[in-house]
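# What the coordinates show
Here is what each chain is made of, one letter per residue.
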Amino acid sequence: MPFSPQIVAIGALLLLILLFVLWLLLGRRRRHRRKRHHEAIVPRRRRGRDHGARIAKKHGKERSGEWSRVQDEHLLREPACRACGYKGKKVQVHHIKPFHLHPELELDPSNLITLCQVRGKHHHMLLGHLNLWASYNAEIEHDVKHFYGKSARQIKANLEWKKKVLQRP
């Protein structure tokens, strides 16, 4: 006894839905694996843009060929954000005295501090650069203690921080 056209259509539709769901599940898993594999190959320091190099280039300065090595050594010594203690992929090495103004201190370990750029905290941008990559915070070592554990929202609401932003270099 043959099936009615309505039953065949419903069966075909269910089969298409099942295939689509399988494609989504397997496709996500495959993309996720590829992403993890890519992250394992790409070093931490090359994930994001190098804003320091971009700003320095505007001032006629270039990064040293030794910067990658010094940055890796610093992250081994100080792997956590000094403003919150975060350890992970989103930590960055920040120059206390900016590289474009003090190129002689680019590789000096005492001129480096670890800050995070984690969503909701953004300590590198907010505390290290006072919310503008071309700027810098001369009092960063004081501020990482003062704002320790604070979120981006809490930092931006702070009157002392707002004053610094208005007077930033």
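Residues numbered from 1 in each chain as written. Predicted model: local features only at pLDDT ≥ 70, side-chain atom pairs only at ≥ 80, totals over all residues. Heavy atoms only, no water.

Here we come to the overall build of the chain. In terms of regular secondary structure, the chain is built from seven helices and two strands. In sequence order, the chain lays out its α and β elements as α-α-α-β-β-α-α-α-α. Relative to its 169 residues, the chain shows a buried fraction of 31%. Expressed as a percentage of contacts within the chain between residues at least 6 apart in sequence, the contacts between residues at least 24 apart total 60%. Surface exposure of the chain reaches about 11,600 Å², of which carbon and sulfur atoms provide 59%. (Helix = DSSP H or I, 4+ residues; strand = E, 2+ residues; numbered from the N terminus. Buried < 20%, exposed > 50% of the residue type's maximum accessible area, 1.4 Å probe, protein only. Contact = heavy atoms within 4.5 Å. Areas by Shrake-Rupley, 256 points an atom, 1.4 Å probe, with all protein chains shown as cover.)

Attention now moves to the pairing of strand S1 (residues 91-95). Most of S1 sits inside the fold, with four of its five residues counted as buried. Inspection of the sheet shows S1 paired to strand S2 (residues 112-116) by five bridges, in the antiparallel sense. Bridged to Gln92 within S2 is Leu115. (Pairing = 2+ DSSP bridges.)

Throughout the structure, instances matching the rule amount to seven salt bridges. Put simply, Glu66 and Arg69 hold a salt bridge, and the shortest N to O gap is 2.6 Å. The exposure class of Glu66 is partly exposed, given its relative accessible area of 37%. One salt-bridge network, in which partners are shared between bridges, spans Glu66, Arg69 and Glu73. (Salt bridge = Lys/Arg side-chain N within 4 Å of Asp/Glu carboxyl O.)

Okay, the nonpolar core next. Ranked by size, the top nonpolar core spans 24 residues in total, and within it Leu115, Leu127, Ile140 and Trp161 carry the most contacts. Among the secondary structure elements, those contributing two or more residues to this core are helix H3 (67-77), S1, S2, helix H4 (123-128), helix H5 (140-146), helix H6 (152-157) and helix H7 (159-166). Of all the elements, S2 adds the most residues to this core, at four residues. Leave out the neighbours within four places in its chain, and Leu127 touches Ala83, His122, Asn137, Ile140, Asp143, Phe147, Ile155 and Trp161. (Core = buried A, V, L, I, M, F, W, Y, C linked by side-chain atoms within 4.5 Å.)

Now for helix H2 (residues 51-58). All buried positions along H2 are accounted for by His51, Ile55 and Ala56. With its buried residues spanning 130° around the axis, H2 presents them on a single face. Immediately beyond the C-terminal end of H2, within one or two residues, lies Gly60, with a positive phi of roughly 80°. (Arc of directions from axis to C-beta.)

A complete count under the given rule lists one aromatic pair for this structure. When the ring centre of Trp67 is taken as reference, the NZ or CZ atom of Arg63 above it lies at 4.6 Å. (Phe/Tyr/Trp six-rings, centres within 6.5 Å; stacked < 30°, edge-to-face > 60°. Lys NZ or Arg CZ within 6 Å of the ring centre and 35° of its normal.)

Successive side chains on a regular strand alternate, one facing one side of the sheet and the next facing the other. In terms of burial, S2 is largely enclosed, as five of its five residues are buried. Residues Leu112, Thr114 and Cys116 of S2 are buried on one face, and the alternating residues Ile113 and Leu115, pointing to the opposite face, are buried as well.

Let's shift gears to unusual backbone geometry. Its identity is not glycine, yet Leu130 carries a phi of approximately 50°, on the positive side. Positionally, Leu130 belongs in the loop between H4 and H5. Judged by relative accessible area, which is 3%, Leu130 ranks as buried. Here the phi dihedral of Asn131 falls at roughly 70°; this positive angle occurs in a residue that is not glycine.

Turning our eyes to something else, we now look at the environment of Lys162. The residue Lys162 is located in helix H7 in this model. Sequence separation of Lys162 and Leu130 is 32 residues, and the distance between their C-alpha atoms is 8.9 Å. Residues in contact with Lys162, not counting those within four places in the same chain, are Lys156 and Ala157.

Within H7, the full set of buried residues consists of Trp161, Lys164 and Val165. When H7 is viewed along its axis, its buried side chains cluster within an angular range of 100° and face the same direction. Turned more than 90 degrees off the buried face of H7, the exposed positions are Leu159, Lys163 and Leu166. For H7, the elements touching its buried residues are H4, H5 and H6. Its side-chain oxygen placed 2.8 Å from the backbone nitrogen of Glu160, Asn158 serves as the N-cap of H7. (Polar contact = N/O pair within 3.5 Å; in protein donor to acceptor, adjacent residues only side chain to side chain.)

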